[in-house]
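Descriptive structure summary
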Amino acid sequence: VYVDPNGQLIMRNSAKICDNTVGGNGYGLGAGVYVGADVNNYKRGYFRLEGGTISGNKGVGMASYSFYYNGNDYTVYYYDYSRGGGVFVDDGHFEMSGGLITGNTIEEPEIVLTEQQQQEQEQQQSNNDNQQQQQQQQQHQMSKEDAERMLKALENQEKETMEEMNEKKASQMQKRKSQKDW
């Protein structure tokens, strides 16, 4: 049931809205009751549930993907239009003072990518994998300049250690000479 932005629905007594399906190729909004609105013209549909039953209704949505690539990031935007299996209020008015809303469902839409979207997604995944591998390799590799600096530092350290050892030997030799010189 669609309640127009100019419309009004009052449900009473043993009234039933049951076992409806909305959606599939379009929006899955309000399989039982959809309360519409035209906010630009200040018009809002009105639905009051005083009695009766809204049950077994099913909203089947539609989904779409939108891809955005800005050179660094690859973002997937997902749109799902499946809302309100029993009652969907789109800026309209809804009041409930009695009645029953039960057993209504919405189905997640089946996501179907175009061949181009699948290729773009696979290409992006491949690019991300390659970039990650390169970063890991760079973390484990040392540049030629870094290796030369490290080698130079080791050579300097070895040279300093040899000089210290030679100085100690020389001072010990002098001590021995002075002890034997009598």
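Above this text is the structure in question.
Residues numbered from 1 in each chain as written. Predicted model: local features only at pLDDT ≥ 70, side-chain atom pairs only at ≥ 80, totals over all residues. Heavy atoms only, no water.

1. Observations regarding the sheet that holds strand β9 (residues 46-49)
Using the following cut-off: Here, any two strands with at least 2 DSSP bridges between them count as paired. Strands here mean DSSP runs of E at least two residues long; helices mean DSSP runs of H or I at least four residues long; both are numbered from the N terminus. Note on geometry: axes are lines fitted to C-alpha atoms, helical ones only across the stretch in contact, with angles between N-to-C directions running from 0 to 180 degrees.
In spatial order, the strands read β2-β9-β16; together these 3 strands make up an open sheet with parallel pairing. Every interior strand has two partners, whereas the edge strands, β2 (8-11) and β16 (93-96), have only one. When the angles between neighbouring strand axes are averaged without regard to direction, this sheet yields 5°. Pairing geometry for β2 and β9, over 4 bridges, is parallel. In the sheet register, Q8 faces β9, and the bridge partner there is Y46.

2. Remarks on the pairing of β9
Pairing analysis gives 4 bridges linking β9 to β16, with the strands arranged parallel. Following the sheet pairing, F47 is matched in β16 by F94.

3. Let's talk about the sheet that holds strand β10 (residues 53-55)
Here we have 3 strands laid out as an open sheet, ordered β3-β10-β17, and parallel in their pairing. The sheet terminates laterally at β3 (16-18) and β17 (100-102), the two strands that pair on one side only. Along the sheet, successive strands turn relative to each other by an average axial angle of 5°, direction set aside. Two strands pair when backbone bridges link them, and β10 and β17 are joined in this way by 3 bridges, in the parallel orientation. In the strand pairing of β17, I54 is matched with I101.

4. A few points about the environment of I101
Applied cut-off: Per-residue accessibility, obtained with a 1.4 Å probe over protein chains only, is compared with the maximum for each type, and a residue is labelled buried under 20%, exposed over 50%, and partly exposed between these values. Contact between two residues is taken to exist if any of their heavy atoms lie within 4.5 Å; hydrogens are not considered.
Mapped onto the elements, I101 comes out in strand β17. Using a relative accessible area of 31% as the deciding quantity, one classes I101 as partly exposed. For the pair formed by I101 and N57, sequence separation is 44 residues and the distance between their alpha carbons is 9.9 Å. When sequence neighbours within four positions are dropped, the list of residues in contact with I101 reads L49, I54, V87, F94 and M96.

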